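Chains, contacts and geometry: an overview
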Amino acid sequence: MNILTLEHVKKSYGLRVLFDDVTFAVDGGQKLGLIGLNGAGKTTLLKIIAGLAEADSGEIWKNQKARIHFLPQEPVFQTGHTVLESVLDGDLPVMRLVRQYEEAVERNDDEAVVKLTEEMDENHAWELEQHAKIILQKLGIHKLTQTVDELSGGQRKRLGLARALIMPCDLLIMDEPTNHLDDKTIMWLEDYLRDSKSALIVSTHDRYFLDSVVHSMLELDRGHVYTYEGNYAQYLELREARLAQEEASEEKRRNLIRRETAWIQRGAQARSTKQKARIARYEELCAIEAGKPLRDVEIFDTSVRLGKTILDIDDVAFAYPKGKPLFQHVTYHVVKHDRIGIIGENGVGKSTLLNVLAGRLKPTGGTLTIGQTVRIGFFTQQLPQFDESMRVIDYVQEHGHFVTNQFGQRISATRLLEQFLFTDDMQYTYIEKLSGGERRRLYLLRLLMDQPNVLMLDEPTNDLDIPTLTVLERYLDTYQGVVLVVSHDRYFLDRVVDKLFVLEQGTWKRYYGDYSQYIEEKYAGPAEKAESHTASSKVVQPEKTSKPAMGPAKKGLTSRQEEELKKITTELPQYEAMLKGLNAAIAAAGSDYDKVESLLQEQKETQEKVDAMTERWCELEDLKGE
């Protein structure tokens with residue numbers, strides 16, 4: 001069944017064209033992902049599809065029998081309504097019936113309860129009520145009689161998500177549904193949507209979510225919508241092919257312009273119809289706007305040098321007054337090029353730990369030493385107060401027009417703005433005209449202009465689009481400082497970090513490896529966990545102060561070999577991180593041949609160290625298994 005079709009749809013705000021000539025169709029059961037830059041018009045397009053906004057031109061055909069439901073980023077609820085009333089706030093007869101029944105139970109109206117019970121039986125409404133309670137529980141909302149006014153912002157968003165999932169519809173439209181959800185809830189949502197028979201259009205920056213759920217991709221790029229068959233991984237391949245074709249077409253256009261320019265400059269007369277047509281073709285070629293593909297944007301590291309001491313964390317703990325410790329016994333020596341992800345369920349203290357490490361909160365136990373050369377850049381979840389009357393370029397240049405990084409590269413604010421996808425026109429736009437995502441991108445760029453060598457990122461992927469996340473990830477590839485990040489974005493963690501701090505209700509542990517490896521081990525069965533632990537020994541508990549037992553160790557290792565294996569397991573990831581940083585430094589050094597030669601020698605020595613440690617690690621693991 002065809003649910004809706006868009007043909008040649010256009011939308012503008014003033015002189016700015018958001019998108020033009022948008023044409024695609026949605027069929028029953030089809031699942032589409034929508035991506036594009038913040039401010040490109042994704043939310044506007046979703047609202048037009050949902051019938052909540054009007055297009056300037058074009059045709060939109062909707063199947064009159066199809067039900068469409070839209071989940072906005074900020075759902076709205078009736079003041080004073082309970083959680084259960086709000087989640088069943090639909091105009092379908094069965095939803096009204098369930099609401100009436102719950103209200104009768106609440107006011108102890110026995111006569112109404114008996115009557116409505118019969119109607120519930122006749123309309124099979126019990127299934128809907130039970131379905132609603134199960135979904136609310138899955139989303140972490142348990143007090144069904146609580147009013148929506150008492151809910152936090154994150155709880156209201158989860159309640160809106162629950163209402164969208166319960167609402168019977170043929171097409172569900174979702175705008176950033178995974179924001180503020182933990183990994184367990186996101187994986188449950190993926191399974192739910194995959195099994196759902198409803199069609200889906202979802203705008204999200206969660207790339208693993210897109211990989212898992214959607215069958216087709218819509219990309220809103222420079223005012224046009226491109227359609228790709230397949231999930232996010234397949235989209236990347238198809239997009240590369242499209243960009244390559246565009247580049248070939250652009251090169252051909254430039255060659256034609258050169259030839260036509262030469263003809264014009266020779267003073268050709270425009271008397272004949274043929275000559276007039278040639279001049280018109282020349283003007284048309286010059287008028288075609290050629291966008292710059294993301295992959296062609298050069299990336300610059302802005303960090304300054306770090307000293308030997310960065311962060312020394314010794315048995316650190318934190319608890320709010322009269323509360324239990326959020327975490328304790330946190331001990332770690334941060335080294336150059338460390339990439340650390342801080343993970344855990346909502347409310348366990350991830351952001352608090354980041355604030356303690358930044359020196360914003362004083363630990364209630366243990367000591368934290370911050371090195372003298374450390375320059376912390378803290379990217380918070382809350383946006384700063386902007387002077388809305390400022391232009392983007394002026395805001396970025398408040399502390400200078402250039403920065404000079406540790407390699408001696410002098411980088412202008414305009415080049416950094418281009419790097420973070422602010423076009424020439426956008427650089428002179430007033431901040432008041434920027435979308436929320438564009439402001440978050442501007443805030444990130446301003447932070448990097450201050451040249452931090454320790455980046456602390458608190459949920460950086462919230463409200464950032466995929467192109468910006470790609471730029472941030474590429475920036476961190478070349479970044480010579482330390483990165484500590486709190487995030488629920490599984491793709492971003494896999495892409496950026498190489499070790500994890502895991503917080504679990506007052507405890508913490510270190511894990512060497514990426515996020516997917518951690519999840520695979522966490523949810524593996526007992527036999528799989530034992531096999532995984534024997535194969536990799538990646539999970540590292542906080543260091544103990546007690547001395548190891550003397551005598552032969554278990555599984556064929558002596559106590560000395562056990563100590564050696566433990567040391568290698570701890571140090572090897574650090575040398576691997578150093579190697580990654582050296583590779584980035586060599587790429588960034590450019591034509592500074594003395595610098596390159598020095599870095600290459602250091603790279604060679606580090607690689608030899610990594611190879612030797614890896615070989616010894618394998619030997620000890622083999623002995624351990626005997």
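Let us look at the structure shown here. (Residues numbered from 1 in each chain as written. Predicted model: local features only at pLDDT ≥ 70, side-chain atom pairs only at ≥ 80, totals over all residues. Heavy atoms only, no water.)

What to know about the overall build of the chain
Stated formally: Only DSSP runs of H or I covering at least 4 residues are called helices, and only runs of E covering at least 2 are called strands; the numbering of each starts at the N terminus. Note on classification: 1.4 Å probe, protein chains only; a residue is buried when its accessible area is under 20% of the maximum for its type, exposed when over 50%, partly exposed between these limits. The contact rule is simple, with two residues in contact once any of their heavy atoms fall within 4.5 Å. Areas reported here follow the Shrake-Rupley algorithm with a probe of radius 1.4 Å; residue values treat only the protein chains shown as occluding.
Secondary structure assignment for the chain yields 21 helices and 21 strands. Classification of the 626 residues of the chain by burial places 49% in the buried group. Counted over contacts in the chain with a minimum sequence separation of 6, partners at least 24 positions apart contribute 68%. Accessible area of the chain: about 31400 Å², with a carbon and sulfur share of 49%.

So, the pairing of strand β20 (residues 507-512)
What counts is decided by this rule: For two strands to be treated as a pair, DSSP must find at least two bridges joining them.
In terms of burial, β20 is a largely internal element, five of the six residues being buried. Where strand β19 (residues 499-504) and β20 come together, six bridges link them in antiparallel fashion. Directly across from Leu 503, in β20, lies its bridge partner Trp 508. Once β19 ends, the chain turns through two residues before running back antiparallel as β20, passing Gln 505 with a positive phi of about 50°.

Let's talk about the pattern of salt bridges
Pairing is possible between side chains that carry opposite charge, provided their charged atoms lie close to one another. The condition that has to hold: Salt bridge criterion: a side-chain nitrogen from Lys or Arg within 4 Å of a carboxyl oxygen from Asp or Glu.
As enumerated under the stated definition, the model contains 18 salt bridges in all. Linking Arg 446 and Glu 398 is a salt bridge whose minimum nitrogen-to-oxygen distance equals 3.0 Å. Note that Arg 446 is positioned in helix α15 (residues 436-449) and Glu 398 in the loop between α12 (392-396) and β15 (402-404), a separation of 48 residues in sequence. Residue Arg 441 pairs with Asp 465 through a salt bridge whose shortest N-O separation is 3.8 Å.

Topic: the sheet that holds strand β4 (residues 57-62)
Stated formally: Think of each axis as a best-fit line through the C-alpha atoms, taken over the contacting stretch in the case of a helix, with angles from 0 to 180 degrees between the N-to-C directions.
Taken together, three strands build an open sheet; the order of strands is β2-β1-β4 and the sheet is antiparallel. Edge positions in the sheet fall to β2 (16-27) and β4, since each of these pairs with one other strand and no more. Adjacent strand axes in the sheet meet at a mean angle of 10°, parallel and antiparallel pairs treated alike. The pairing of strand β1 (residues 2-13) with β4 spans five bridges and is antiparallel. If you follow Lys 10 over to β4, its bridge partner there is Ser 57.

Section: the sheet that holds strand β11 (residues 327-333)
Each strand in a sheet pairs with its neighbour through backbone hydrogen bonds, running either in the same direction (parallel) or in the opposite one (antiparallel). In space, the three strands of this open sheet follow the order β11-β10-β13, with antiparallel pairing throughout. At either margin of the open sheet sits one strand with a lone partner, and together these are β11 and β13 (365-370). The mean inter-strand angle of the sheet, taken between neighbouring strand axes irrespective of direction, is 15°. Strand direction decides the pairing type here: strand β10 (residues 311-318) and β11, joined by four bridges, are antiparallel. For Phe 318, the partnering residue across the bridge sits in β11 and is Phe 327. Running over the sheet, helix α11 (residues 350-357) touches β10, β11 and β13 and is turned about 135° from β10.

Notes on the packing of aromatic side chains
We apply this condition: Note on ring pairs: Phe, Tyr and Trp rings are taken, using the six-membered ring of Trp, and paired if centres are within 6.5 Å. Classes follow the plane angle, with under 30 degrees stacked, over 60 edge-to-face and the rest tilted.
The full count for this structure, using the stated rule, is 15 aromatic pairs. Where Phe 379 meets Tyr 443, the ring centres are 4.8 Å apart and the plane angle is 20°; that geometry is what we call stacked. Of this pair, Phe 379 sits in strand β14 (residues 376-379) while Tyr 443 sits in helix α15; the two residues are 64 residues apart in sequence, bridging distant segments of the chain. Under the relative-accessibility criterion, Tyr 443 is labelled buried at 10%. Centre to centre, the rings of Tyr 515 and Tyr 518 are 6.5 Å apart; their planes meet at 45°, and the pair counts as tilted. Of the two residues, Tyr 515 and Tyr 518 are both situated in helix α18 (residues 515-522); the distance of three residues between them amounts to about one turn of the helix. Here Tyr 515 and Tyr 518 have matching classes, each one buried.

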